[in-house]
Amino acid sequence: MWRGVVEEYREFLPVGPDTEPVSLQEGNTPLIYARQLSERTGLEIWLKYEGLNPTGSFKDRGMAMAVTKAKEDGAKVLICASTGNTSASAAAYAARAGMRAVVVIPDGKIAQGKLAQAYMYGAQVVAVRGNFDQALAIVRHLAETHPVTLVNSVNPFRIEGQKTAAFEICDELGEAPDVLAIPVGNAGNITAYWKGFVEYHLHRRTRHRPRMFGFEAEGAAAIVQGKAIAHPETIATAIRIGNPASWNGAVEAVEQSGGMMGAVTDEEILEAYRWVAREGIFCEPASAASVAGLVKARADGRLEKGMTAVCVLTGNGLKDPDTALLHAPGRAEGPQVVEATEEAVANAMMGS
Ligand code: F0G
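The paragraphs below set out a description of the structure included in this document. (Residues numbered from 1 in each chain as written. Predicted model: local features only at pLDDT ≥ 70, side-chain atom pairs only at ≥ 80, totals over all residues. Heavy atoms only, no water.)

1. Quick look at the sheet that holds strand S4 (residues 100-106)
Consideration 1: Strand order in the open sheet formed by four strands is S5-S4-S3-S6, with parallel pairing between adjacent strands. Both edges of this open sheet fall to strand S5 (124-128) and strand S6 (149-150), since each of them pairs with a single strand only.
Consideration 2: By the bridge criterion, five bridges tie S4 to S5 in an arrangement that is parallel. Bridge pairing in S5 links Val102 to Gln124. (Pairing = 2+ DSSP bridges. Helix = DSSP H or I, 4+ residues; strand = E, 2+ residues; numbered from the N terminus.)

Structure, rendered in structure tokens:
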């Protein structure tokens, strides 16, 4: 039985022999070969489907680790700022650990599924009239002045937990890929993957370390532009972030690996979102930024034919039904409504 990332990767994590993991058996997500995308690009593309974690995003890896440590330290209350996925995950792991969770979100700017999760798992939801960056600044300060544990990715245990996805990729492929493509918001995850690949290279002797290709949404591309963005905007609300907390970690990952940080437009994100669905996988819009960016990098001549690339699909498409219903193929016409007779359905089926 898979026991979750803390137990499975104990030797690589800052836990003691007596540490009792708080777990929902996160991790062990599938690495799925993308046939059509591979044919389209001439690359060998694999999708790391993190949307199959217990709360539907990669955050569960980091949250398992952060909440394990919080519990060990006797914490009672967790707090985070979030564009939605961190709040869903914090709420779930707080429930699991018997703690309280306070989640601070940008009002009106998180996907419906994520909001539903936070409420269902019993979190206290506070919506600020502002953006994620403002919410993060507030909770960082509150965590310094109040007895609450911050579980955003500025908490180093979050990064520790999230690096386990890089381990899984190497274990599955038997080697590190040539390229790792990943969406970038607050930049914790790219930092975590790089740490994971570096550690596996050192301790498990993988042949090489991948080039790290991070992609921000164009309307929120602070790292690409080299300056914080006061009013970030993108349809990919998960990465609608103008001043990434792990900015330095992302730059290091890109520089040390010989990779790149790029920007993708909302149109490119939505196109890739539909390509991924054509592979049979429903991811959320932010996740598709990895695919959009990789395809663009290949078209720009940055990658050679036959290279192996893994795109991280960070979250499950079910979290954001509104965007899907607005941008799915065939959606414009809506469903065909017919009489409840075999003849009417047969006619619809035959297109008459
Ligand atoms: N993809 C999804 C689906 C996300 O939810 C996030 C971040 C990212 C990518 C970017 O990861 O921040 O480590 O660079 N979501 C955070 C949240 C900010 O609050 O749920 P990152």
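Once you've had a look at it, read on.
2. A closer look at the pattern of salt bridges
Consideration 1: One pass over the structure, following the stated rule, counts 17 salt bridges.
Consideration 2: As a salt-bridge pair, Glu168 and Arg61 come within 2.9 Å of each other at their nearest N and O atoms. Of this pair, Glu168 sits in helix H8 (residues 164-173) while Arg61 sits in helix H3 (residues 59-72), and the two are 107 residues apart along the sequence.
Consideration 3: The shortest N-O distance in the salt bridge between Glu233 and Lys109 comes to 3.9 Å. Of this pair, Glu233 sits in the loop between helix H10 (222-225) and helix H11 (247-257) while Lys109 sits in the loop between S4 and helix H5 (112-120); the two residues are 124 residues apart in sequence, bridging distant segments of the chain.
Consideration 4: Taking relative accessible area as the criterion, Glu233 reaches 42% and is therefore assigned partly exposed. (Salt bridge = Lys/Arg side-chain N within 4 Å of Asp/Glu carboxyl O. Buried < 20%, exposed > 50% of the residue type's maximum accessible area, 1.4 Å probe, protein only.)

Take it as geometry only, folks, not as evidence of what the structure does.
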